[in-house]
Amino acid sequence: MNRKGFIFDLDGVIVDTAKYHFLAWKKLANSIGIDFTEHQNEQLKGVSRIESLKKILNWGNVTLSETDFNRLMAEKNENYLSYIAKMDDSEILPGVMKTLEFLIKDKQPIALGSASKNSIEILNKVHLFKHFDAIIDGNSVTKAKPDPEVFLKAAAAINCSPETCIVFEDSVAGIQAANKANMISIGIGNQTILNEADIIFKDFTEISTDFLQNLLSVTKSELKKK
Ligand code: BG6
Ligand code: MG
């Protein structure tokens with residue numbers, strides 16, 4: 001058996017939490033007189049909570065004291081968590097379970113590599129926590145994607161060397177982080193936006209078991225040549 005390491009981003013890959021981030025950021029932005037659109041929300045994908053708030057304040061040309069900044073961060077998360085509290089398995093994105101089941105059956109190591117500080121809460125809500133051999137998230141890293149820290153730590157946590165790892169990501173920063181870590185980068189989403197990925201799928205329903213089987217024996221450079 002070929003042992004690889006499979007690292008999944010969470011938001012936008014396993015579950016569509018972007019819609020909840022949008023509602024919570026919009027409420028916060030509007031409360032301080034800043035407009036917030038879906039287009040702006042797109043630009044916050046993969047971006048940490050603190051950097052997201054900085055961007056929103058920048059868009060609205062608003063400066064806050066440190067106390068107000070921290071209060072708003074806490075309020076946003078409280079509001080976001082009220083949506084997370086209602087999540088269940090039905091929010092696992094289409095095709096994700098089939099991929100996970102293939103990997104579990106083949107006893108492949110599985111890790112999470114996410115910027116979120118709420119990852120364990122979310123994985124528990126959708127009943128996927130038990131399938132992850134390691135969780136590296138916003139609580140365990142000091143440098144945000146596109147820095148490769150999150151994926152290098154995830155690889156180490158599942159005892160895999162980076163070049164044997166495969167990353168599933170929906171953000172540009174995440175794809176760049178995977179590439180910097182010398183891992184196979186699989187983009188989930190838009191072909192044009194994620195063009196730095198080694199290979200791109202619209203969503204997991206496009207990933208066949210033949211493709212997964214092939215991943216077990218292919219290197220990053222071999223995959224790119226295909
Ligand atoms: C990323 C999301 O996965 O996590 C971002 O794409 C989010 O939108 C970031 O800001 C941090 O998440 P959280 O749950 O710690 O606020
Ligand atoms: Mg993501």
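Quick note: structure is the one above.
Just so it is clear, the structure is predicted and the values come from calculations on it, not from any experiment.

(A) Spotlight on the sheet that holds strand S3 (residues 134-136). Strand order in the open sheet formed by six strands is S3-S2-S1-S4-S5-S6, with parallel pairing between adjacent strands. Strands at the two margins of the open sheet, each flanked by one partner only, are S3 and strand S6 (199-201). Averaged over all neighbouring strand pairs, the angle between strand axes comes to 20 degrees, with direction disregarded. Bridge analysis of strand S1 (residues 5-8) against strand S2 (residues 110-113) gives three bridges, and the strand direction is parallel. For Phe8, the partnering residue across the bridge sits in S2 and is Leu112. In the packing of helix H5 (residues 96-105) onto the sheet, the strands contacted are S1, S2 and strand S4 (165-169), and the crossing angle to S1 comes to about 155 degrees.

(B) Inspection of the packing of aromatic side chains at higher detail. According to the stated counting rule, one finds eight aromatic pairs in the structure shown. On the numbers, 6.2 Å between centres and 20 degrees between planes, the contact of Phe8 with Phe204 is stacked. Here Phe8, found in strand S1, pairs with Phe204, found in the loop between S6 and helix H9 (209-215); they are 196 residues apart in sequence, far enough to count as distant. No difference in accessibility class separates Phe8 from Phe204, as the two residues are buried. A network of ring pairs unites the aromatic residues Phe6, Phe8, Phe132, Phe168 and Phe204 as a single cluster.

(C) Region of the structure containing the site of ligand 1. The full set close to ligand 1 counts 14 residues, and Asp11, Gly46, Val47, Ser116 and Lys117 are the nearest of them. Between ligand 1 and the protein, one listed contact pairs an oxygen atom with a side-chain N or O atom of Asp11 at 2.7 Å. In the model, an oxygen atom of ligand 1 is placed 2.8 Å from a nitrogen or oxygen of the Arg49 side chain. Contact with the protein chains covers 96% of the free accessible surface of ligand 1, which is 390 Å². Considered class by class, the residues forming the shell around ligand 1 number four nonpolar, six polar and four charged.

(D) Main features of the side chain of Asn41. One can find Asn41 in helix H2 (residues 38-42). Since its relative accessible area comes to 8%, Asn41 is described here as buried. Not counting residues within four places of it along the chain, the set of residues in contact with Asn41 comprises Ala18, His21, Phe22, Trp25 and Phe36.

(E) Inspection of the coordination of the magnesium ion (ligand 2) at higher detail. Protein-derived ligands of the magnesium ion (ligand 2) are Asp9 (OD), Asp11 (O) and Asp170 (OD), with the metal-ligand distances lying across 2.0 to 2.1 Å. Between consecutive donors of the magnesium ion (ligand 2), the numbers of intervening residues give the motif D-x1-D-x158-D. Of the two residues, Asp11 is situated in the loop between S1 and helix H1 (18-31) and Asp170 in the loop between S4 and helix H8 (172-180); the sequence distance between them amounts to 159 residues. Classification of Asp11 by relative accessible area gives buried; the value is 18%. Exposure remark for Asp170: the relative accessible area of 12% places this residue in the buried category.

The rules behind the values
- Residues numbered from 1 in each chain as written.
- Chains lettered and ligands numbered in written order.
- Predicted model: local features only at pLDDT ≥ 70, side-chain atom pairs only at ≥ 80, totals over all residues.
- Heavy atoms only, no water.
- Pairing = 2+ DSSP bridges.
- Helix = DSSP H or I, 4+ residues; strand = E, 2+ residues; numbered from the N terminus.
- Axes fitted to C-alpha atoms, helices over the stretch in contact; angles between N-to-C directions.
- Contact = heavy atoms within 4.5 Å.
- Phe/Tyr/Trp six-rings, centres within 6.5 Å; stacked < 30°, edge-to-face > 60°.
- Buried < 20%, exposed > 50% of the residue type's maximum accessible area, 1.4 Å probe, protein only.
- Near = heavy atom within 4 Å.
- Polar contact = N/O pair within 3.5 Å; in protein donor to acceptor, adjacent residues only side chain to side chain.
- Areas by Shrake-Rupley, 256 points an atom, 1.4 Å probe, with all protein chains shown as cover.
- Nonpolar A, V, L, I, M, F, W, Y, C, P; charged D, E, K, R; others polar.
- Donors = N, O, S within 2.8 Å, 3.2 Å for Na, K, Ca; no water.

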